[in-house]
Amino acid sequence: MADPIIVIGAGQAGASLVAKLRALGYGGSLLLLGDEPVLPYQRPPLSKKYMSGEFTVDRLLIRAPSWYEEQKVETRLSAPVSAILPRDRLVALSDGSMLRYSKLALTTGSRPRTLPDAVGGNLAGVFTVRGLADADSIMPIFLPGRKLLVIGGGYIGLEAAAVASTKGLDVTLIEMADRILQRVAAPMTSDYFRALHTRHGVTIREATGLDALVGKEGRLVGARLKDGTRLDADLAIVGIGIHPNDGLAADAGLIVENGIHVDGQCRTSDPDIFAAGDCASFSWRGVRTRLESVQNAVEQAEHAAAAMLGAAGDYDPVPWFWSDQYDVKLQIAGLNRGYTDTVLRPGKRELSQSVWYYRGEELIAVDAMNDALAYGIGKKVLEARRSIPKAAVGDPSVELKTWLTAS
Ligand SMILES: Cc1cc2nc3c(=O)[nH]c(=O)nc-3n(C[C@H](O)[C@H](O)[C@H](O)COP(=O)(O)OP(=O)(O)OC[C@H]3O[C@@H](n4cnc5c(N)ncnc54)[C@H](O)[C@@H]3O)c2cc1C
């Protein structure tokens with residue numbers, strides 16, 4: 001029998017890739033390898049409905065267990081890959097076994113940045129949220145009245161703060177930069193979320209560096225900030241960004257550049273090895289880019305599957321992303337990288353607004369808060385590679401719909 005296509009990483013991208021291979025008619029053998037003990041699952045609800053207790057594990061699974069049998073996709077879970085030997089087309093598992101592949105895909109995702117042990121990163125009670133195991137270990141102490149310190153005001157930190165304060169924890173979030181969401185959003189979006197969290201009782205401290213976490217008998221009891229402030233804490237969630245899991249690729253001699261370097265076909269520097277999702281960097285509008293989103297994991301993996309079967313054409317997405325905090329849905333279309341101007345557009349409902357990003361006169365991204373219409377229109381305009389004048393966006397009496405059809 002011919003050697004299988006092997007996919008390393010049983011997550012969002014891995015699941016999408018194998019499904020697309022089958023949907024496109026690939027009838028050969030297919031093996032999905034994962035280091036976690038669970039079939040591929042969605043991560044976004046971990047910091048939202050799973051940690052709040054609203055979702056159980058079976059709601060997280062991307063596909064039912066029976067799907068893998070029906071589609072003849074062999075899965076091996078709790079099976080970390082320790083090396084790739086491209087010259088021999090072999091994959092080495094950490095249990096010592098070797099598997100031969102015809103083609104290989106890397107969908108290894110990313111891992112959270114952690115705090116060094118020297119500042120207390122190793123204390124009991126200090127967590128990151130990446131996988132089910134993380135959420136499961138947080139939940140038993142995620143209890144009303146507990147003091148939670150969130151380190152990092154990005155989306156994961158803010159979502160954890162929202163779910164915790166809704167559950168009755170006493171939450172303080174610290175952000176080293178001047179403002180929350182500084183890396184990813186304009187000041188208007190930061191202001192909106194700061195006000196939202198403050199209304200829900202979360203204490204947000206910006207421009208505040210962590211000096212060290214304080215432990216007692218190995219367990220977190222508090223924190224010391226750079227300005228000398230001391231805080232009590234029963235648990236801490238660290239949300240300070242992620243690293244792509246590109247070590248296997250680098251060790252195998254593949255080009256790595258902030259993630260596994262792939263071309264428009266999702267092909268690495270080895271023509272028989274592909275990569276997609278959080279772990280892969282590709283050229284987007286001329287700049288090497290790594291996207292950390294479900295949309296990218298799914299669409300890039302599907303593109304990789306097609307390319308593995310010989311399809312041509314470059315991967316050229318219009319990125320989109322969402323975040324849920326309290327009763328606010330944030331939807332983002334486009335990438336605001338290199339923006340020069342922003343325009344705020346009030347929405348029609350209470351708490352709804354959108355922030356439009358321009359590079360010169362060109363619309364490049366939209367953040368929409370509880371404003372699905374603004375998001376939908378912005379996304380369609382971006383997909384059509386068109387723009388809407390700033391004056392129209394800034395005037396709430398102008399119906400933006402007209403710009404969908406305007407030439
Ligand atoms: C808490 C949380 C909330 C999020 N919220 C949102 C959101 O609201 N919207 C959004 O768009 N995105 C969100 N994301 C991001 C989104 O979940 C990721 O971008 C997406 O999961 C990436 O998919 P992936 O397949 O590349 O990686 P993953 O889904 O992480 O899958 C990679 C898999 O590969 C495994 N693996 C790694 N190395 C090996 C190895 N050597 N051998 C075997 N297996 C290996 C990993 O353990 C993992 O199971 C969130 C992420 C988290 C953690």
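Please read these numbers as outputs of a predicted model, since none were measured by experiment.

A.B. asks: What is the right way to read the sheet that holds strand β6 (residues 98-100) from this model?
C.D. replies: Within a beta sheet, neighbouring strands are joined by backbone hydrogen bonds and run either parallel or antiparallel to one another. Strand order across the open sheet formed by 3 strands is β4-β5-β6, with antiparallel pairing between neighbours. Here the strands that pair on one side only, and so sit at the sheet edges, are β4 (81-85) and β6. Averaged over neighbouring strand pairs, the angle between their axes works out to 20 degrees when direction is ignored. In this sheet, strand β5 (residues 90-93) lies alongside β4 in antiparallel orientation, the contact comprising 4 bridges. Bridging from a neighbouring strand, Ala 83 pairs with Ala 92 of β5.

A.B. asks: Teacher, can you tell me more about the site of the ligand here?
C.D. replies: Around the ligand sit 32 residues in total, of which Ala 13, Asp 35, Glu 36, Lys 48 and Asp 278 are the nearest. In this structure, Ala 13 approaches the ligand through a main-chain N or O atom, which is 2.7 Å from an oxygen atom. At a separation of 2.9 Å, an oxygen atom of the ligand approaches a polar side-chain atom of Arg 43. Bound to the protein, the ligand loses 94% of the 1000 Å² it would expose on its own. Tallied by class, residues from the shell around the ligand come to 14 nonpolar, 11 polar and 7 charged.

A.B. asks: When you look at the UniProt feature "domain: Reductase C-terminal" (unreviewed entry) in the chain in this model, what are you seeing that I'm missing?
C.D. replies: When the UniProt feature table is mapped onto this chain numbering, "domain: Reductase C-terminal" (unreviewed entry) sits at residues 320-403. Overall, residues 320-403 shows 23% helix and 40% strand. The separation of its end C-alpha atoms is 20 Å.

A.B. asks: Looking at this structure, how should I read the environment of Val 202?
C.D. replies: Position of Val 202 relative to the elements: it lies in the loop between α6 (187-199) and β12 (203-205). It is 29 Å that separates the C-alpha atoms of Val 202 and Gly 334, two residues lying 132 residues apart in sequence. Each residue touching Val 202, except ones within four places of it in the same chain, is listed here: Ala 161, Ser 165, Val 171, Leu 173, His 197 and Tyr 326.

A.B. asks: Help me out: how do you make sense of the side chain of Ser 16 in this one?
C.D. replies: If you trace the backbone, Ser 16 turns up in helix α1 (residues 12-23). Of the residues examined, Ser 16 reaches a relative accessible area of 10% and is grouped as buried. Other than its neighbours up to four places away in sequence, Ser 16 contacts Val 298, Ala 301 and Glu 302.

Calculation rules
- Residues numbered from 1 in each chain as written.
- Predicted model: local features only at pLDDT ≥ 70, side-chain atom pairs only at ≥ 80, totals over all residues.
- Heavy atoms only, no water.
- Pairing = 2+ DSSP bridges.
- Helix = DSSP H or I, 4+ residues; strand = E, 2+ residues; numbered from the N terminus.
- Axes fitted to C-alpha atoms, helices over the stretch in contact; angles between N-to-C directions.
- Near = heavy atom within 4 Å.
- Polar contact = N/O pair within 3.5 Å; in protein donor to acceptor, adjacent residues only side chain to side chain.
- Areas by Shrake-Rupley, 256 points an atom, 1.4 Å probe, with all protein chains shown as cover.
- Nonpolar A, V, L, I, M, F, W, Y, C, P; charged D, E, K, R; others polar.
- UniProt positions renumbered as here; feature names shortened; annotations may be inferred.
- Contact = heavy atoms within 4.5 Å.
- Buried < 20%, exposed > 50% of the residue type's maximum accessible area, 1.4 Å probe, protein only.

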